[in-house]
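Each chain, letter by letter, is given below.
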Amino acid sequence: MSEDRDELLDRIVGALRPLPEGHAEAKARVLIAVAAERERVRRSPARATQRGRMTRWIAGAAGLAAAAVVAAILLLQPSRSYDASVGAGSSSPAVRVAAVAVADSVARLASRDPAGDAASALQPIQLVFRAPTATTVRVVGDFNSWDGEHAPMTRDPRSGLWSATLSLRPGRHVYAFLVDDTLLVRDPRALAARDADFGRPGSVLLVGRP
Amino acid sequence: MTLSRPLQLVRDTGTEADVSREPRSLLVHAAKAGDVRAFAELVDAYYARCLRFALHMLSDRSDAEEAVQDTFVRLHRALPKYEEREAFEPWLFRILANRCRTAGARERRRAEVVEYGDVPERPSAPGHDNAIAWREEIGLAIAALPTDQREAFLMRHVEDLSYEDMAVATGAGVSALKMRVKRACDALRLRLTEVSGE
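The structure displayed is predicted, hence computed values, not measured ones.

(A) Summary view of the overall build of chain A. When helices and strands are tallied, chain A shows five helices and seven strands. What you see in chain A, going N to C, is helices and strands ordered as α-α-α-α-α-β-β-β-β-β-β-β. A burial count over chain A gives 40% of its 210 residues as buried. Sequence separation of 24 or more characterises 71% of the internal contacts of chain A that already satisfy a separation of 6 or more. For chain A, the accessible surface area stands at approximately 10700 Å², while carbon and sulfur atoms represent 55% of it.

(B) Just the overall build of chain B, in detail. Summing up its helical and strand segments, chain B has eight helices and zero strands in all. Seen in sequence order, chain B has helices and strands lined up from the N terminus as α-α-α-α-α-α-α-α. Taking all 198 residues of chain B together, the buried fraction comes to 43%. Restricting to contacts in chain B with at least 6 residues of sequence separation, those with at least 24 account for 64%. A total accessible area of about 10600 Å² is found for chain B, and carbon and sulfur atoms account for 50% of it.

(C) Region of interest: the pairing of strand S7 (residues 203-207) of chain A. Residues and elements named next belong to chain A. In terms of residue burial, S7 counts as a mostly covered element, since five of its five residues are buried. The alternating pattern of S7 places Ser203, Leu205 and Val207 on one face and Val204 and Leu206 on the opposite face, and all of these are buried. Looking at chain direction, strand S5 (residues 171-179) and S7 are connected through five bridges and run antiparallel. Following the sheet pairing, Arg172 is matched in S7 by Leu206.

(D) Main features of the pairing of S5 of chain A. All names here are of chain A. Taken across its nine residues, S5 has seven buried, putting it largely inside the fold. Alignment of strand S2 (residues 137-141) against S5, held across five bridges, turns out to be antiparallel. Looking at S5, one finds that Gly141 is bridged to Tyr175. Judged from the three bridges that link them, S5 and strand S6 (residues 183-185) form a sheet pairing that is antiparallel. Note that in S6 the partner of Val179 across the bridge is Leu183. Counting the residues that bridge the hairpin from S5 to S6 gives three residues, and of these Asp180 lies at a positive phi of roughly 55°.

(E) Inspection of the sheet that holds strand S4 (residues 161-168) of chain A at higher detail. Residue and element names in this part refer to chain A. An order of S1-S4-S3 is seen for the three strands of this open sheet, with the pairing classed as antiparallel. Among the strands making up the open sheet, the edge pair consists of strand S1 (123-130) and strand S3 (154-156). When the angles between neighbouring strand axes are averaged without regard to direction, this sheet yields 30°. Summarising the sheet, S1 and S4 pair through eight bridges and their orientation is antiparallel. The residue of S4 that forms the bridge with Pro124 is Ser167.

(F) Broad picture of the nonpolar core. Core analysis: the largest hydrophobic core is formed by 67 residues, its most contacted members being Ile12 of chain A together with Phe53, Phe72, Phe88 and Phe153 of chain B. Among the elements that take part in this core, helix H2 (residues 36-58) of chain B stands out by supplying 14 residues, more than any other. Each of two domains, domain 1 (18-113) and domain 2 (130-198) of chain B, supplies a minimum of three residues to this core. Phe72 of chain B has contacts with Val30 and Val34 of chain A together with Phe39, Leu42, Val43, Tyr46, Tyr47, Cys50 and Leu92 of chain B, leaving out every residue within four places of it along the chain. Core analysis: the second largest hydrophobic core is formed by 19 residues, Phe129, Ala151, Met153 and Ala190 of chain A among them.

(G) Representation of the packing of H2 of chain B against helix H3 (residues 61-78) of chain B in the model. All names here are of chain B. At their nearest, the axes of H2 and H3 sit 9 Å apart, and the two run at 140° to each other. Accordingly, the angle class assigned to the pair H2 and H3 is oblique. The two elements H2 and H3 cross, and the hand of that crossing is right-handed. Within the contact between the two elements, H2 uses Phe39, Leu42, Val43, Tyr46, Tyr47, Cys50, Leu51, Ala54, Leu55 and Leu58 and H3 uses Arg61, Asp63, Ala64, Glu65, Ala67, Val68, Phe72, Leu75 and His76. When its residues are assigned to classes, the contact of H2 with H3 shows 15 nonpolar, one polar and three charged.

(H) Layout of H2 of chain B. All names here are of chain B. For H2, the principal kink sits at Tyr46 and spans about 45°. Of all 23 residues that make up H2, 20 are buried, and the element is covered over most of its length. Near the N-terminus of H2, the side chain that reaches the backbone nitrogen of Arg37, with its oxygen 2.9 Å away, is that of Asp35. At the exit of H2 stands Ser59, carrying a positive phi of roughly 60°.

Rules of the game
- Residues numbered from 1 in each chain as written.
- Chains lettered and ligands numbered in written order.
- Predicted model: local features only at pLDDT ≥ 70, side-chain atom pairs only at ≥ 80, totals over all residues.
- Heavy atoms only, no water.
- Helix = DSSP H or I, 4+ residues; strand = E, 2+ residues; numbered from the N terminus.
- Buried < 20%, exposed > 50% of the residue type's maximum accessible area, 1.4 Å probe, protein only.
- Contact = heavy atoms within 4.5 Å.
- Areas by Shrake-Rupley, 256 points an atom, 1.4 Å probe, with all protein chains shown as cover.
- Pairing = 2+ DSSP bridges.
- Axes fitted to C-alpha atoms, helices over the stretch in contact; angles between N-to-C directions.
- Core = buried A, V, L, I, M, F, W, Y, C linked by side-chain atoms within 4.5 Å.
- Domains from an automatic or database assignment.
- Parallel < 35°, antiparallel > 145°, perpendicular 65-115°, else oblique.
- Left-handed = near helix turned anticlockwise from the far one by under 90°.
- Nonpolar A, V, L, I, M, F, W, Y, C, P; charged D, E, K, R; others polar.
- Bend = angle between axes of the 7 residues up to and from the residue.
- Polar contact = N/O pair within 3.5 Å; in protein donor to acceptor, adjacent residues only side chain to side chain.

In structure tokens form, the structure reads like this:
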């Protein structure tokens, strides 16, 4: 069976060939969806049970030990905290809260039974981001499957600061700000995540126990 | 394997993938090994082509974007099982074609219960550009093809897959695929000859 391409068929194919444009947002959504899928798999109960309690305990202790170093640095250098990013009069920024809480967690770690991992109360964490010209800003991270629908930020018209208070479980979280539903931006005042997924910018948030 | 170039996730030129990128086989190999940057490069390299195919298959932008997103999520899930001796593109198009068939079937079921009245307006002003009218006619003619013929025609003539690769992508035999493409070409010629003024 021959494939006779005539002029008409060439014109038809020529009209169908141009690649669609304007899909940058959709492409970014693909990467976020895939990252969310990875996160779901990573956190699925089946996989968690496979790892075993001892592995979790070692990993948790190592993570919290690293967090303790971060917390100590932040506590010793209060000028690097979120003070500069919040409105006048605010004095309980997220990183400082997280640093104190993580340091406290590390102190508890030595005397805690690994089986007590289930106790993980949600902690209120305020995030603040300066973006005076943005129309919308949302917080996306591993705690909401990188879906910004659940964490819109509120803009203070005087300062141009966006803020949101999240309820997060104790532990290490990676997050970023989604500006105008298009641009993913790392929190410039928080530690950069070394394991940023899919090249996506990410910042680290450490949440301790109450 | 580590890829050193920074990714461009939200900036897009809308052009064909840069030929200076890492060779695709290396990207696939790295992505299979869990390199998330390599996977992001694969998305960057193939997204536009996948969206083009899905748009022609589904005739709806949001349905097409959803199908492509679902394709890459499933691709990522299936990568560990991917045999690298297989060609990557037919494998990718197999997932994509499956998603488009599923989305198309869902759309047909939805259309069956929609009342008349939602027929999209088509421009008919005297100054309407002929090139736009031609593209619209082609879009209608493509949409009127049976799904298997449309799929085969697009894979062969728009995506430039070989019949052997199409067989991998569709699960159909080469002879059957050639017949589908021929019938699609005949139907398009019949419908569009008059419009094109030939």
